[in-house]
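Structural features, examined
Here's the letter readout for the chains.
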Amino acid sequence: MIAAIAAQSGPVEPLIRWRWVGHHLDDLRERALEHLWLTVAALLIGVAIASLLASVMRRWRWTAGPLTAATTILYTIPSIALFAALLPLLGVGYAVPIIALSTYSLVVLTPFLLAAFDDLDPSTLEAATAMGMTPVQRWRRVDLPLAMPTIVAGLRVTTVTIVGLVTVGGLFGLGGFGDFIDDGLSRDFSTPIVLGVVGSVVIALVADLMWVVLGRAVAPWQRDRDRRSP
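Residues numbered from 1 in each chain as written. Predicted model: local features only at pLDDT ≥ 70, side-chain atom pairs only at ≥ 80, totals over all residues. Heavy atoms only, no water.

Examining the side chain of His35
Here His35 lies in helix α3 (residues 25-59). Take His35: its relative accessible area is 0%, and that puts it in the buried class. (Helix = DSSP H or I, 4+ residues; strand = E, 2+ residues; numbered from the N terminus. Buried < 20%, exposed > 50% of the residue type's maximum accessible area, 1.4 Å probe, protein only.)

Let's talk about the side chain of Ser105
Looking at where Ser105 falls in the secondary structure, it is placed in helix α6 (residues 95-118). Every residue in contact with Ser105, bar those within four places of it in the chain, is listed here: Ala42, Gly46, Thr158 and Ile162. (Contact = heavy atoms within 4.5 Å.)

Some points on the packing of α3 against α6
The N-to-C vectors of α3 and α6 enclose an angle of 45°; their axes lie 6 Å apart at closest approach. Judged by the inter-axis angle, α3 sits oblique to α6. Where α3 crosses over α6, the handedness of that crossing is right-handed. The residue makeup of the contact of α3 with α6, split by class, is 19 nonpolar, 5 polar and 2 charged. (Axes fitted to C-alpha atoms, helices over the stretch in contact; angles between N-to-C directions. Parallel < 35°, antiparallel > 145°, perpendicular 65-115°, else oblique. Left-handed = near helix turned anticlockwise from the far one by under 90°. Nonpolar A, V, L, I, M, F, W, Y, C, P; charged D, E, K, R; others polar.)

Details of the packing of helix α5 (residues 79-90) against α6
Contact geometry for α5 and α6: axes closest at 9 Å, N-to-C directions at 135°. Considering the angle they form, α5 stands oblique to α6. As for how α5 packs across α6, the hand of that crossing is right-handed. Between α5, through Ser79, Leu82, Phe83, Leu86, Leu87 and Leu90, and α6, the contact on the second element is made entirely by Ala95, Val96, Pro97, Ile99, Ala100 and Tyr104. Along the lines of polarity and charge, the residues of the contact of α5 with α6 split into 11 nonpolar, 1 polar and no charged.

So this is what it looks like as structure tokens:
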């Protein structure tokens, strides 16, 4: 009886059809490059805008509340809704995902950048000034190096967030591994779905590892401190 039902239901679709993967290696490479490009572009723009916002907050403290509220409100907009709203204005292309992803990055990056410089030891900064450093020299030689561990932590969180959100653009044919996921869902075909998900996860893991290594490289004193701690 069970054999008869199985025979009527037809062969079971494998999770991954490796022959299909072999025939679409060029597409896989293109989607990976698109995913990386969208992530890097959105991250760079997000860093630039978040740096400006953090500088404004540090210069005029009363702006911290309104600016934080504004970035939080933008972050609460569902990603699909934001992509859909930008499409009629900007059309199909890289502009839509880059703007949307940069917008989402602000709620994470801005507080990290603000805290990175607010939490610096005042006595260390005063000592650098007393040594005759100009504001630019102190920022380059003291402020920025000491703030780097917190900045890198913010970049880690932001990068992984952006990598995940890039896949949403695939629902609108905007590139990245999300295109594979959308193709698989539209055809009820699991292979491109698995490739899209695994590809996004791999990029996120590699990017996170890269920031960990970079964080240790730019803050060797932090590594020594962790080694001495019990």
